[in-house]
Amino acid sequence: MDPSEARELEESMRAFEAALAPPEVVLPEPVLRRVVLALDGSNQDPLSEELAAAVAARTGASLHVVYAYPGEAAEPARERYREERAAQLAARGLAVSTGPRPAGAEPFAQLLAALEEGGELLVACAPYLEDFGALGHQSLGSAVEVLLQRSPVPLLLARDPERPPAELWREFLLPLVFAGPEHASAAGWALRLAPPQSGLRLLLVADTELLGSATHLLGDFVAQQALDDEVLKQLERKEHAGLIAACQKACAARGLGCRVSVRTGELAQVVAELGNAEPRVLVVAAPADPRSTAYQQALALLREAANPVLCVPHRHSGTAAS
Amino acid sequence: MGASLLATTALGAALAAGAGAPGAAETAAAGARPVLPMVLCGLVLVATFALIAFEVINKVVAALAGAIVTVVIALVLGVYAGPKPYLAVHRFIEHDLGVIGVIVGTSILVEIAGASGLFHFIAVRLVKLTGGRPERLLPAVFFATIGFVTFLTIAPGTLIMASLVLVITRALSDDPRPYIVGLALAANSGALMTFASGIVTLMIGTSAGIPYAHFLVVSLPLGLLSAAVAFFWVRLSYRAELAPHGDPAARAAMVARFDEWALVKDRRIFYRSAIILLLTIAGFASAQALGVGLDFIAMCGGTAAILFSGFDPEEAIKKVKWPVVLFFVGLFVMIGTVQETGLLEVLAGALLAASGDSVLVAAALLISFSFVLAGLVDNIPTAATLIPMVKTMVARGLAPEPLWWGLVAACNLGGNPTPVGSIAAVIALHALEKERGIKVGWGEYLKVGGTVTLLQLVLVIAYIFAFRELGLFPRLG
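Residues numbered from 1 in each chain as written. Chains lettered and ligands numbered in written order. Predicted model: local features only at pLDDT ≥ 70, side-chain atom pairs only at ≥ 80, totals over all residues. Heavy atoms only, no water.

Draft legend 1. Structural view of the overall build of chain A. A tally of helices and strands in chain A yields 12 helices and 10 strands. The 322 residues of chain A split such that 54% are buried. Sequence-distant contacts in chain A: of pairs separated by 6 or more residues, those separated by 24 or more amount to 81%. Of the accessible surface of chain A, which amounts to about 13200 Å², a share of 52% is contributed by carbon and sulfur atoms. (Helix = DSSP H or I, 4+ residues; strand = E, 2+ residues; numbered from the N terminus. Buried < 20%, exposed > 50% of the residue type's maximum accessible area, 1.4 Å probe, protein only. Contact = heavy atoms within 4.5 Å. Areas by Shrake-Rupley, 256 points an atom, 1.4 Å probe, with all protein chains shown as cover.)

Draft legend 2. Expanded view of helix α24 (residues 442-469) of chain B. Taking 1.5 Å of rise per residue, the 28 residues of α24(B) would be expected to cover 40 Å, and the 38 Å separating its terminal C-alpha atoms lies within 8% of that figure. Positive phi appears at B:Gly471, one or two residues downstream of α24(B), with a value of about 65°. (Expected span 1.5 Å × (residues − 1).)

Draft legend 3. Structural view of the interface of chain A and chain B. The interface is formed by 28 residues belonging to chain A together with 32 residues belonging to chain B. Note that A:Glu17 is salt-bridged to B:Arg170, the shortest N-O span being 2.3 Å. Connecting chain A to chain B are 12 residue pairs in polar contact (both at pLDDT 80 or more). Among the elements of the structure, α1 (3-19), α10 (237-254) and β8 (257-265) of chain A are those that each provide at least two residues to the side of chain A that touches chain B. When grouped by side-chain class, the residues that make up the side of chain A that touches chain B number 17 nonpolar, 4 polar and 7 charged. (Salt bridge = Lys/Arg side-chain N within 4 Å of Asp/Glu carboxyl O. Polar contact = N/O pair within 3.5 Å; in protein donor to acceptor, adjacent residues only side chain to side chain. Nonpolar A, V, L, I, M, F, W, Y, C, P; charged D, E, K, R; others polar.)

Draft legend 4. Spatial organisation of the sheet that holds strand β3 (residues 96-98) of chain A. Residues and elements named next belong to chain A. The 10 strands lie next to each other as β3-β2-β1-β4-β5-β10-β9-β6-β7-β8, forming an open sheet whose pairing is mixed. The outermost strands of the open sheet, each flanked by one partner alone, are β3 and β8. On average, each strand axis in the sheet is inclined to that of its neighbour by 25°, with strand direction left out of account. Pairing of strand β1 (residues 34-39) with strand β2 (residues 62-67) involves 6 bridges; the strand directions are parallel. From the neighbouring strand, valine 35 faces β2, where its bridge partner is leucine 63. (Pairing = 2+ DSSP bridges. Axes fitted to C-alpha atoms, helices over the stretch in contact; angles between N-to-C directions.)

Draft legend 5. Structural view of the pattern of salt bridges. Evaluated as defined, the whole model comprises 29 salt bridges over all chains. When the shortest N-O distance is used, the salt bridge between A:Arg14 and A:Glu17 registers 3.0 Å. Within this pair, A:Arg14 and its partner A:Glu17 are both found in helix α1, separated by 3 residues, close to a single helical turn. Among the ionic pairs, B:Glu345 bridges to B:Arg396, the shortest N-O distance being 3.6 Å. Pair noted here: B:Glu345 is in helix α19 (residues 343-355) and B:Arg396 is in the loop between α21 (379-395) and α22 (400-413), with a separation of 51 residues, a long-range link. With a relative accessible area of 27%, B:Arg396 lands in the partly exposed category. Linked through salt bridges whose partners overlap, the residues forming this network are A:Glu10, A:Arg14, A:Glu17, B:Arg170, B:Lys434 and B:Glu435.

Structure follows, in structure tokens:
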């Protein structure tokens, strides 16, 4: 028996073991009645509009257009810009509403105030109030970073404005190292926004950075050769199996594609390489605790993304579970 | 050692026959050739087979080394004819290029189909249908193994089923031995079902020019019958281990907890590869009518799988069984050189002489010899050595059908008696020992596999005789 056959046997065994009574994972079916579209006058606005319009057209949700900017006083030019954009969206046959600038001195506070009036999804750009080229991959902007922590709803963030909007919906890429309930929430949201003919891709990453930390931490307690990529790929296999089964079944029921890939490398690097290679929507499951390593990893994924990002904070998985 | 002795004895007998025993007339042409190259190349062949049989060195290295030594002998002793003698080596490889093409094409296709989770999914569905009942589980394992080997070839089919059996028997607290031994035996029956089910079948089918459809008439029923023999003997041998135990409802509930959807990697590849696999099989069946070789169909299937599955081409190409391809290159060059010396013609003449020119006796001898040699060495070198011999016998006027079909059956089933006789047994028993710490020793395996082999030997000879006497063989061109 040659080594490749031995490896295939091992993988096959682990796959069957994982499939034997995997934990039951239920994907939420979020309700989407109103989408809040946040414009900022930057070069990303056209992409934000296209994303929001596509979601509204697909789901039948209404659009509520806001323009948040610093300062207490409303600026007529910006208010006019908002009204014009809302009118253009309405001309496309969408149910569009707009209104006076929400209360608050800071843009994030205005956007949170707008969400309090109703809305299950916020479409905005990151960085907010800055052109994408100005900050690029270095920052998401302070407004978005605060929204990530405080938003009561998921965020659909436009990134590189050069990305062709029509092609972005072909695939939703959901990366994960350890499967948790936040990934079920994120998958549920992705399926809610996915158009027919599109698909969900689960990217299981064997994170070598994690391996390095574990090896360093364990030191002499564990032989170095005992912790390798293959070991890493097996971690949480059972939990992954539950999520994979739930996603496959849900996608099959909706006629959507669903595929599972496994990659080895540093999480942010692997996701950036794969995620940015083609137009698609990156789905990031952000854990509740902003101090956690997983939360920081989610931020790193967002910064590296050139494609739009659907960021689903775990504390908000929707209102109805199937 | 056993193989070496056996082959040396056969060699000696053949040379004696060629030197003057009855049948020498038939080997007159070969007898006129120099004896030294025959003896030297024959010894290299036997030594190579011994290295392979006893796993002294890697079998690919053994075949390549054997090829190099025989080529050197042939060049020094002037065995190759023509103005550029070395070009004979290229002819040997070119002659069997079709087999290599089929291996490359099908291994890409099988890899992609396997990676989609299609066969894992089907396997779990099938096991769930049994409700965990032992009297249903064993037939399901046999059935699935035969089916997977038929479509996926022997190694991938065995890998899937061995791993499933180990997981399911652990979950049900069953003894895995009956299932593991059973699936190893079933896999060898599955390998002779169709043209492309196994490498040996492919080699013989290509050399003999047997159309795909003929396999459905002749070897598919034989494969099923041989599997039935194995099934009943395994059930009888392990009746205590297979006796129902535990609460049937609890067993059914345990099996029902399997979620086959967790095994699906990509539904798009899943469906597309299934369609391409079926189209490729249809292509194999109609290759002759289309006027193309099976290698062309296999390469079309492999390329279509890469193009339409979305599978990473680099990954797919890496999965080609390159060691098998190299093994074949070495083997073809070595056997081609040995054939060039006239030795295989002498051996064929000896076999003809021993059979008294009766095709049925010749077939019985060939089948018995192939069973033994395939069990001791490896069925691929066995087939590679015996194919030229059968060609010689056919060229001398024996009916081809009993000989070719006998060889197909014997080379595939010949690996059944020992735990190292076939790749299926090696994989299944290795998995059992590694994952469950259970070792099936030579004694236990011989008791079951050896008996099955004897029964299958009788079955194959009777089957070939019956087909010949009843005129059921489709005529080969």
